[in-house]
Amino acid sequence: MSDETHESPGELPLEGAGQRLRRAREEAGLTVEQVAAETRIPLRHLEVIEAGDFEALPARTYAIGFSRTYAKAVGLDPSDIARQVREETGAARVHEPVRSSSFEPGDPARVPTRGLAWLSALAALLLIAGGFAYFRDYFFPGAGPGPIAVPQEADRASQQADAGREAPARQPDAAAGPVVFTALEDETWVKFYDANGDQLMQKRMAEGETYTVPADAEGPLIWTGRPYALAITVGGRSVPKLSEVDEIVRDVPVSAEALLARAEAAEADDEDAGEGA
């Protein structure tokens, strides 16, 4: 019996994703600070990942995205690490087609919009309504005029379909709206800059003061030590704050697309939490 339970020489016990990343870093002769400098992931987040405390990160998407980037830096398979992080955080397999394993924070273009889903549903309903109007005389012979009236019904259904397709086009696109930050407290220090490191604005904002991120800024980012004191709107729509706690956030994308994708990810996490409860 003792031979059956004896662990083979050199065989490692089962490790979590954080332990694997830490061991790979140590074998590569790198410090946590060096990995932070290379990946631009905050040091505190790297320490949380190595400890396996993924719940301490702002959202599950951050846990998966940061872990993938960390894995690339230390020579591990990013997809394998991302899969293990999903398992450790309890992410459901059915969500993987929507929240692809290639998604990382800062890449919101890969997140499908809800508007597209609504437009597809509307088109399907109009197609069903048009088909029913066209063939109703065959299924309900006494319900209306003869076949001569069928083209008129089809024309009306076609006009309704055209009107349905035009209506969403006239609605404002939230992603094209301005990104506005409003200080909720006095002496709120904040710095905005673009992907090239060029400064857009840096100051201590007074309570109620606003700043609109330039629409032509290339990959705008933010750096502040009081993210909880900054309210954010995109095209007039309120989106979640960058953080609700007193911490330093840096190199966080603040384009309209990035903020809306972050809001949708937060809503999806809330729905997952509600289903799990």
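What counts, and at which threshold
- Residues numbered from 1 in each chain as written.
- Predicted model: local features only at pLDDT ≥ 70, side-chain atom pairs only at ≥ 80, totals over all residues.
- Heavy atoms only, no water.
- Pairing = 2+ DSSP bridges.
- Helix = DSSP H or I, 4+ residues; strand = E, 2+ residues; numbered from the N terminus.
- Axes fitted to C-alpha atoms, helices over the stretch in contact; angles between N-to-C directions.
- Salt bridge = Lys/Arg side-chain N within 4 Å of Asp/Glu carboxyl O.
- Buried < 20%, exposed > 50% of the residue type's maximum accessible area, 1.4 Å probe, protein only.
- pLDDT = per-residue confidence, 0-100.
- Contact = heavy atoms within 4.5 Å.
- Core = buried A, V, L, I, M, F, W, Y, C linked by side-chain atoms within 4.5 Å.
- Parallel < 35°, antiparallel > 145°, perpendicular 65-115°, else oblique.
- Left-handed = near helix turned anticlockwise from the far one by under 90°.
- Nonpolar A, V, L, I, M, F, W, Y, C, P; charged D, E, K, R; others polar.

## Observations concerning the sheet that holds strand β6 (residues 230-234)
The 4 strands are arranged β4-β1-β6-β7 in an open sheet whose pairing can be described as antiparallel. At either end of the open sheet lies a strand with only one pairing partner, and these are β4 (210-213) and β7 (237-239). When strand polarity is set aside, the average angle formed by the axes of neighbouring strands in this sheet is 30 degrees. One ladder, built from 4 bridges, connects strand β1 (residues 179-183) with β4; its direction is antiparallel. By the bridge assignment for β4, Phe181 is matched with Tyr211.

## Description of the pairing of strand β3 (residues 199-205)
In regular strands, side chains alternate between the two faces of the sheet. As paired elements, strand β2 (residues 188-193) and β3 share 6 bridges and run antiparallel to each other. The partner of Trp189 across the bridge, within β3, is Arg204.

## Topic: the pattern of salt bridges
Under the definition given, this model contains 11 salt bridges. One salt bridge in this structure joins Arg83 and Asp80, with 2.7 Å as the shortest N-O distance. Highlighted residues: Arg83 and Asp80, both in helix α6 (residues 78-89), separated by 3 residues, approximately one helical turn. Looking at Arg83, the relative accessible area reads 32%, which means it is partly exposed. Linking Glu209 and Lys203 is a salt bridge whose minimum nitrogen-to-oxygen distance equals 2.5 Å. Each of the salt bridges in this network shares a partner with another, and the network as a whole consists of Arg20, Asp80, Arg83 and Glu87.

## Overview of the sheet that holds strand β5 (residues 221-224)
The 4 strands lie next to each other as β3-β2-β5-β8, forming an open sheet whose pairing is antiparallel. The open sheet has two free edges, formed respectively by β3 and β8 (249-253), since each of these has just one partner strand. Between one strand axis and the next, the sheet turns through 15 degrees on average, direction left out of account. Of the strand pairs in this sheet, β5 and β8 are connected by 4 bridges, and their pairing is antiparallel. Opposite Trp223, over in β8, you have Arg250 as the bridge partner.

## Comments concerning the environment of Leu43
Assignment of secondary structure puts Leu43 in helix α4 (residues 43-50). In this structure Leu43 comes out as partly exposed when scored by relative accessible area, which is 30%. Note: C-alpha distance between Leu43 and Glu33 (10 residues apart in sequence) is 6.6 Å.

## Overview of the confidence of the model for the chain
Per-residue confidence for the chain averages 78 on the pLDDT scale, and 67% of its residues sit at or above 70. Here residues 146-150 scores under 50 on pLDDT; set against residues more than four positions off or in separate chains, the count is 3 contacts.

## Looking at the nonpolar core
Counting 23 residues, the largest nonpolar core has Leu21, Leu46, Ile49, Phe54, Leu57, Tyr70 and Val85 as the members making the most contacts within it. For this core, the elements supplying multiple residues, two or more each, are α2 (17-27), α3 (32-39), α4, α5 (60-74) and α6.

## Considerations on the packing of α2 against α5
Close contact between α2 and α5 brings their axes to 9 Å; oriented N to C, the two are set at 25 degrees. In terms of their interaxial angle, α2 and α5 are classed as roughly parallel. Of the two elements, α2 crosses α5, and the hand of that crossing is left-handed. Contacts from Leu21, Arg22, Ala24 and Arg25 in α2 reach Ser67, Tyr70, Ala71 and Val74 in α5. When the residues that make up the contact of α2 with α5 are grouped by side-chain class, the tally is 5 nonpolar, 1 polar and 2 charged.

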